[in-house]
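Observations on the three-dimensional arrangement
Here is how the chains run, residue by residue.
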Amino acid sequence: MTERTMARRRRYQQRHRRNTIASWIVGAACITALLTIVALGCKDYIDEQASYENPQNSLPGLVLGESKTSQSPESAAPVYADDTDWNLRLVNRWNPIPEGYTVRLKELSGGEQVDERIYDHLMEMLEAAREGNWDETPRVISGYRTQETQQSLYDEEVNKYKAQGYSEDEAKAEAGKWVAVPGTSEHQLGLAVDVEGTTYDVFLWLQENSYKYGFIFRYPGGKSDITGTVEEVWHYRYVGVETATEMYEQGLCLEEYIEQKGL
Ligand SMILES: [Zn+2]
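Only a predicted model underlies this, so the values are computations on that prediction, with no experimental measurement involved. (Residues numbered from 1 in each chain as written. Predicted model: local features only at pLDDT ≥ 70, side-chain atom pairs only at ≥ 80, totals over all residues. Heavy atoms only, no water.)

**Points about the coordination of the zinc ion**
Six octahedral donors around a metal ideally make angles of 90 or 180 degrees; four tetrahedral donors ideally make 109.5 degrees. Applied cut-off: Note on donors: an N, O or S atom is included if it sits within 2.8 Å of the metal, or within 3.2 Å for Na, K and Ca, and water is never included, so sites can look incomplete. Note on exposure labels: buried denotes an accessible area under 20% of the residue type's maximum, exposed denotes more than 50%, and partly exposed covers the range between, all computed with a 1.4 Å probe on protein chains only.
Only His187 (NE2), Asp194 (OD) and His235 (ND1) from the protein reach the zinc ion as donors, at distances of 2.0 to 2.1 Å. Given the relative accessible area of 3%, histidine 187 is considered buried.

Right, dumping it as structure tokens:
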């Protein structure tokens, strides 16, 4: 074999090795691309399934950026109250909010939020309440609350009693009279608001007129044994005009109404 032949063979072998390495690289890239495509396809499928099972993922409000969706973070399956009786859902100390309850929220001008379905009714009522409030629109000082907000309000109240020398159990019992135990507050439904007026008269106006807008004076003093809550003149709950009117005319609280209707 001549010198020249051997040199040619070496060049050929080097070129062959380069080509082989290049083929491996191209091959590996092709496999990676293929795996990525398969993985993305699966992900799309999984996302699609998730959004089908979880209506929260496909809420129009999220796209518009106008409404938000909230739910307790520890919850597994979201419960979105699209049932016909959503406005009659009972939450009190004996009936906690369903785990994973999900609300579509709409923000009020003061920053508080409510279930978007009651927004217009609430605005109408607050506007009309001007006549009982020195011509000023009453404010909503508390609307929707998350489980965490309710927990911190409750803990604060318990600590207040503990600081006064109450035992843990006594402090909890006392606090529970004023602040609902987390999970049992209507505020977590997004259907209740605490109203503040310029004058106390606004509460008297609301007691006489709120039903026209679908809201009820939820905790009257005379019904504390049934509602499990002491009188709260500022707390209003949406139930719908028809129900609120019936309750107002018959002097029923929500627990009584629900029992009477066998709901
Ligand atoms: Zn309240």
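So much for the structure itself; the text now carries on.
**Quick look at the side chain of aspartate 194**
Condition: Numbering of helices and strands runs from the N terminus; a helix is a DSSP stretch of H or I covering at least four residues, while a strand is a stretch of E covering at least two. Any pair of nitrogen or oxygen atoms within 3.5 Å is treated as a polar contact; in protein, a donor-acceptor pairing is required on top of that, and neighbouring residues in sequence qualify only through side-chain atoms on both sides. Any pair of residues with heavy atoms lying within 4.5 Å of one another is described as a contacting pair.
In this fold, aspartate 194 is placed in strand E6 (residues 192-196). Only 3.2 Å separates the side chain of aspartate 194 from the side chain of histidine 187, close enough to count as a polar contact. Apart from residues lying up to four places away in sequence, aspartate 194 is in contact with Arg139, Val140, Ile141, Ser142, Arg145, His187, Trp234 and His235.

**Digging into the packing of aromatic side chains**
Condition: Centre distance within 6.5 Å is the pairing criterion for rings of Phe, Tyr and Trp, where only the six-membered ring of Trp is used; planes under 30 degrees apart are then read as stacked, over 60 as edge-to-face, and the remainder as tilted. Two limits define a charge over a ring: the Lys NZ or Arg CZ must be within 6 Å of the ring centre, and within 35 degrees of the ring normal.
Under the counting rule described, the total for this entry stands at seven aromatic pairs. When the centroid spacing of 5.3 Å and the interplanar angle of 70 degrees are considered together, the rings of phenylalanine 215 and tyrosine 238 count as edge-to-face. Placement of phenylalanine 215 in strand E7 (residues 215-219) and of tyrosine 238 in strand E8 (residues 232-238) is noted, with a sequence separation of 23 residues between them. Of the two residues, phenylalanine 215 and tyrosine 238, neither departs from the other in class, the shared state being buried. An aromatic cluster is defined as three or more aromatic residues linked by ring pairs; in this entry it consists of Trp86, Phe215 and Tyr238. Positioned above the aromatic ring of tyrosine 119, the side-chain terminus of lysine 106 is 4.5 Å from the ring centre.

Coordinates in, geometry out; function isn't part of it.
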